[in-house]
Amino acid sequence: MTETLFQAYTPLILWIGLGLLIFRFLPTWLPQFLGRGLYWVGVPLELVALARKGSQSEIVGAGSTPILASLITFMALLLGLFAALLVWWGWQQISPHLFKPDLSESVSRPWLDSSTKGSFLLAAVLGNTGFVGLAIAPSLIHVDSLNWVVLFSITHNVIGPYGIGVLIASYFSHTKSNNRWWMQLWDLLTVPPLWAFLIGTLTQSIKLPDFVESGLQGSVDVVIACAFLLTGIRLAQLQRWQSFQLALIPTVLRVVITPLLVGLVTTVFLGLSGDRRLAMVLMSGMPSAFAGLILAEEYNLNRDLIASSIMLSTLLLLLILPLWIQVFG
């Protein structure tokens, strides 16, 4: 497992470290340009490539239960969202008592704005099931149960970041006075990654020139590197430690609370055990997704909170993995 973690984390450390080093030499507009470029071009290319790589029927072997794995993925997203909303509501109730009354509202409760709440929910709900999850799980899960891991990743990436995530980001990017339900619906229907995934799925049987196909598959590594680089730049731009303090809560929700709830529900109500249960727990407890930062750039949410959550949740995963293996393995 140590070697697998090293291989998975090496690109992450290198590209985030590069972002930390070079941010001073970059124009101020570049991070948002990079984030929007990933949203409109990079991630769609990546999803076209992944969708063309193989159909779900090829990924899922005989005797598997794809519907159950997909339903558990959807349940994990809803559990994470419900837990995050509950914690945020509780924080709103107690936060006025944590500060001196003579402080101004903008100073005493800087995180209770809509932008920060949207980022809080994105960091707590969306997990990095692609790069980190698919890199780590195969070394911990028996080969007979790996289809559960792949199905979790596919379902999460389709309905998570660019489904539920877009709805959250769109809702909290508008003020209450001009927020309408059709705005979220329009953003959801026009999100580029979902259309890209659909195009890639529908064109699986179409043979493309070799240089086009290889270019599409090569775009995956480029997109991942750019996402890491963007995270490093945003971390380097943090002005205060307050973002890390606030990020502790979505980090714990993402890496500890949600997988614990998934483990309990799949054990008590679904009767899962062994590697299938461990697969669902591991994938539901992956670190905060880089897609959250891309959405924050596109919808002008709190980038600092997302970047801090990505860093903290990635580190916490190293500590919590042995516990999940011991309890749910």
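This one's a predicted model, so the numbers in the text were calculated from it and none came from an experiment. (Residues numbered from 1 in each chain as written. Predicted model: local features only at pLDDT ≥ 70, side-chain atom pairs only at ≥ 80, totals over all residues. Heavy atoms only, no water.)

Engineer: Before we go on, may I ask you to explain unusual backbone geometry in this structure?
Structural biologist: Leave glycine aside and you will find that most residues have negative phi; peptide bonds, for their part, are mostly trans. One non-glycine residue, Asn300, adopts positive backbone phi at about 60°. The residue Asn300 is located in the loop between helix H14 (290-299) and helix H15 (303-328) in this model. (Helix = DSSP H or I, 4+ residues; strand = E, 2+ residues; numbered from the N terminus.)

Engineer: I'm lost on helix H7 (residues 129-136) in this one. Help?
Structural biologist: Structurally, the α-helix is built with 3.6 residues per turn, so residues lying three or four positions apart point the same way. By the burial criterion, the buried members of H7 are Thr129, Val132, Gly133 and Ile136. Across the axial projection of H7, the buried residues extend over an arc of 105°, all falling on one side. (Buried < 20%, exposed > 50% of the residue type's maximum accessible area, 1.4 Å probe, protein only. Arc of directions from axis to C-beta.)

Engineer: Before we go on, may I ask you to explain H15 in this structure?
Structural biologist: The sharpest bend along H15 reaches about 40° and sits at Leu319, with the proline Pro322 one to four residues further on. Put simply, Asn302 is the residue that caps the front of H15, since its side-chain oxygen is 3.1 Å from the backbone nitrogen of Asp304. (Bend = angle between axes of the 7 residues up to and from the residue. Polar contact = N/O pair within 3.5 Å; in protein donor to acceptor, adjacent residues only side chain to side chain.)

Engineer: How do you make sense of the environment of Ser115 when you look at a structure like this?
Structural biologist: For Ser115, the position within the fold is in helix H6 (residues 114-125). The class for Ser115 is buried, based on a relative accessible area of 19%. Expressed as a C-alpha distance, the spacing of Ser115 and Asn302, which sit 187 residues apart in the sequence, is 5.5 Å. Not counting the four nearest positions on each side in its chain, Ser115 is found in contact with Phe172, Asn300, Leu301 and Asn302. (Contact = heavy atoms within 4.5 Å.)

Engineer: Would you explain the nonpolar core in this entry?
Structural biologist: Residues Tyr39, Phe120, Leu122, Tyr162 and Leu295 are the most contacted members of the largest nonpolar core, which totals 57 residues. Here the element with the most residues in this core is helix H11 (residues 210-236); it accounts for eight residues. Other than its neighbours up to four places away in sequence, Tyr162 contacts Tyr39, Val43, Asn157, Leu188, Val191, Pro193, Leu194, Ala291, Ile294 and Leu295. Counting 28 residues, the second-largest nonpolar core is a separate cluster that includes Val132, Ile141, Val255 and Met283. (Core = buried A, V, L, I, M, F, W, Y, C linked by side-chain atoms within 4.5 Å.)

Engineer: Looking at this structure, I do not really get the packing of aromatic side chains. What am I missing?
Structural biologist: Here a ring pair, both rings aromatic, is described through the centre-centre distance and the interplanar angle of the planes. Applying the stated rule across the entire model yields seven aromatic pairs. Ring geometry for Trp88 and Phe120: centres 4.9 Å apart, planes at 65°, overall edge-to-face. Residue Trp88 is found in helix H4 (residues 66-94), and its partner Phe120 is found in helix H6; the two are separated by 32 residues along the sequence. No difference in accessibility class separates Trp88 from Phe120, as the two residues are buried. Grouped by ring-pair contacts, the aromatic residues Tyr39, Trp40 and Tyr299 constitute a single cluster. (Phe/Tyr/Trp six-rings, centres within 6.5 Å; stacked < 30°, edge-to-face > 60°.)

Engineer: Is there a simple way to think about the packing of helix H12 (residues 242-268) against helix H13 (residues 274-284) in this case?
Structural biologist: Each pair of packed helices can be described by the angle between their axes along with the distance between the axes. In the contact formed by H12 and H13, the axes pass within 8 Å of each other and the chain directions differ by 155°. One way to sum up the angle between H12 and H13 is to call them roughly antiparallel. Crossing hand, H12 versus H13: right-handed. Along the contact surface, H12 presents Arg254, Thr258, Pro259, Val262, Gly263, Thr266 and Thr267, while H13 presents Arg277, Met280, Val281 and Ser284. Taken together, the residues that form the contact of H12 with H13 break down as four nonpolar, five polar and two charged. (Axes fitted to C-alpha atoms, helices over the stretch in contact; angles between N-to-C directions. Parallel < 35°, antiparallel > 145°, perpendicular 65-115°, else oblique. Left-handed = near helix turned anticlockwise from the far one by under 90°. Nonpolar A, V, L, I, M, F, W, Y, C, P; charged D, E, K, R; others polar.)

Engineer: Teacher, can you tell me more about the confidence of the model for the protein chain here?
Structural biologist: Interpretation of this model should avoid reading the predicted coordinates in detail wherever pLDDT is low. Across the protein chain, pLDDT averages 85, with 87% of residues at or above 70. Note on residues 55-64: pLDDT is under 50 here. Beyond four places in sequence and across chains, it has 13 contacts. The low-confidence segment residues 99-108 (pLDDT under 50) makes four contacts with residues lying over four places distant or belonging to another chain. (pLDDT = per-residue confidence, 0-100.)

Engineer: Hey, could you run me through the pattern of salt bridges in this one?
Structural biologist: If charged atoms from side chains of opposite charge come close, those side chains can pair. Taken as a whole and judged by the stated rule, the model has five salt bridges. A salt bridge links Glu297 to Arg234, with the nearest nitrogen and oxygen atoms 2.6 Å apart. Here the residue Glu297 occupies a position in helix H14, and Arg234 occupies one in helix H11, the gap between them amounting to 63 residues. Taken as a pair, Glu297 and Arg234 share a single burial class, namely buried. Overlapping salt bridges, with partners in common, bring together Arg234, Glu297 and Arg303 in one network. (Salt bridge = Lys/Arg side-chain N within 4 Å of Asp/Glu carboxyl O.)

Engineer: Would you mind showing me how to read the side chain of Ser309 here?
Structural biologist: Its place among the elements puts Ser309 in helix H15. Within the local environment of Ser309, its side chain forms a polar contact with the backbone oxygen of Leu305, the two atoms lying 2.8 Å apart. Those residues in contact with Ser309 that lie beyond four places of it in its chain are Ala123, Ala247, Pro250, Thr251 and Ser288.

Engineer: Could you clarify how one ought to interpret the side chain of Thr231 in this entry?
Structural biologist: Relative to the helices and strands, Thr231 is located in helix H11. Exposure remark for Thr231: the relative accessible area of 1% places this residue in the buried category. A distance of 2.9 Å separates the side chain of Thr231 from the backbone oxygen of Ala227, its partner in a polar contact. For Thr231, the contacting residues outside a window of four places in its chain are Ile16, Phe290, Leu293, Ala307 and Ile310.

Engineer: Is there a simple way to explain a nonpolar patch on the surface in this structure?
Structural biologist: Together, Trp181, Trp182, Leu185 and Leu189 make up an exposed nonpolar region whose accessible area comes to about 490 Å². Summarising the element assignment, Leu185 is placed in helix H9 (residues 181-189). Judged by its relative accessible area of 38%, Leu185 falls in the partly exposed class. (Patch = residues over 30% accessible without salt bridge, like charges linked within 9 Å, V, L, I, M, F, W, Y side chains within 5 Å. Areas by Shrake-Rupley, 256 points an atom, 1.4 Å probe, with all protein chains shown as cover.)

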